[in-house]
Amino acid sequence: MKIESTRAFKTLESFKKSGFVSLLSLVAEDLSPNSEGEDEFLLTYTLYNPVTRAFEEIETLVNSEIQSVTTLFKSANYDEREIYDLFGIKFKNHPNLKRLFLEKNFEGHPLRNDFKQAETWSERAL
């Protein structure tokens with residue numbers, strides 16, 4: 001199911017109320033640049049209903065910022081931090097949005113299509 005990013009929180013909240021109580025994964029994909037030349041990312045939320053054993057995927061396109069769902073799903077905390085660190089997508093109202101893998105002073109986000117590594121490992125060895 002594809003939804004507008006402004007409706008993501010409300011849609012996920014509705015799914016949770018209907019029994020989809022587990023967020024199994026949240027993944028990002030860089031689609032940049034879009035047809036207007038802007039940054040665009042696809043976020044995919046995978047939900048699970050343990051009673052009916054049903055899965056649901058919710059997809060939304062986001063430019064650079066979206067509402068955090070950590071208040072709905074505690075498991076989103078790690079996924080949102082990882083996506084922030086590697087893609088640079090900001091999650092509004094996240095309780096601890098900071099880098100997870102990379103150093104604080106690391107410049108850029110390595111999984112973005114526009115990321116340019118300053119130098120390769122082999123160049124450092126020279």
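Report on the accompanying structure. It should be emphasised that the depicted structure is a prediction, and the values quoted were computed from it without experimental measurement. (Residues numbered from 1 in each chain as written. Predicted model: local features only at pLDDT ≥ 70, side-chain atom pairs only at ≥ 80, totals over all residues. Heavy atoms only, no water.)

Within strand β3 (residues 41-49), eight of the nine residues are buried, which leaves it mostly tucked inside the rest of the structure. Where strand β2 (residues 22-30) meets β3, eight bridges bridge the pair, whose relative direction is antiparallel. Within the sheet, the bridge partner assigned to E29 lies in β3 and is L42. Across nine bridges, the pairing between β3 and strand β4 (residues 54-62) is antiparallel. Paired with Y45 across the bridge in β4 is I58. (Buried < 20%, exposed > 50% of the residue type's maximum accessible area, 1.4 Å probe, protein only. Helix = DSSP H or I, 4+ residues; strand = E, 2+ residues; numbered from the N terminus. Pairing = 2+ DSSP bridges.)

Glancing now at the packing of aromatic side chains. Tallied over the full model, the rule gives five aromatic pairs. On the basis of an interplanar angle of 40° and a centroid distance of 4.8 Å, the ring pair of Y48 and F55 is categorised as tilted. On the accessibility criterion, F55 (54% relative accessible area) is exposed. Both rings, one in F106 and one in F115, keep their centres 6.1 Å apart while their planes meet at 20°; by these two values the pair is stacked. Note that K16 overlies the ring of F73, its terminal NZ or CZ placed 5.3 Å from the centroid. (Phe/Tyr/Trp six-rings, centres within 6.5 Å; stacked < 30°, edge-to-face > 60°. Lys NZ or Arg CZ within 6 Å of the ring centre and 35° of its normal.)

Okay, the environment of N63 next. Its location among the elements puts N63 in the loop between β4 and β5 (65-67). When its relative accessible area of 41% is taken as the criterion, N63 is described as partly exposed. Each C-alpha atom of the pair N63 and A76 lies 19 Å from the other, and the pair is 13 residues apart in sequence. With sequence-adjacent residues up to four places away left out, N63 is seen in contact with E38, D39, E40 and F41. (Contact = heavy atoms within 4.5 Å.)

The quantities given are spatial measurements derived from coordinates; they are silent on function.
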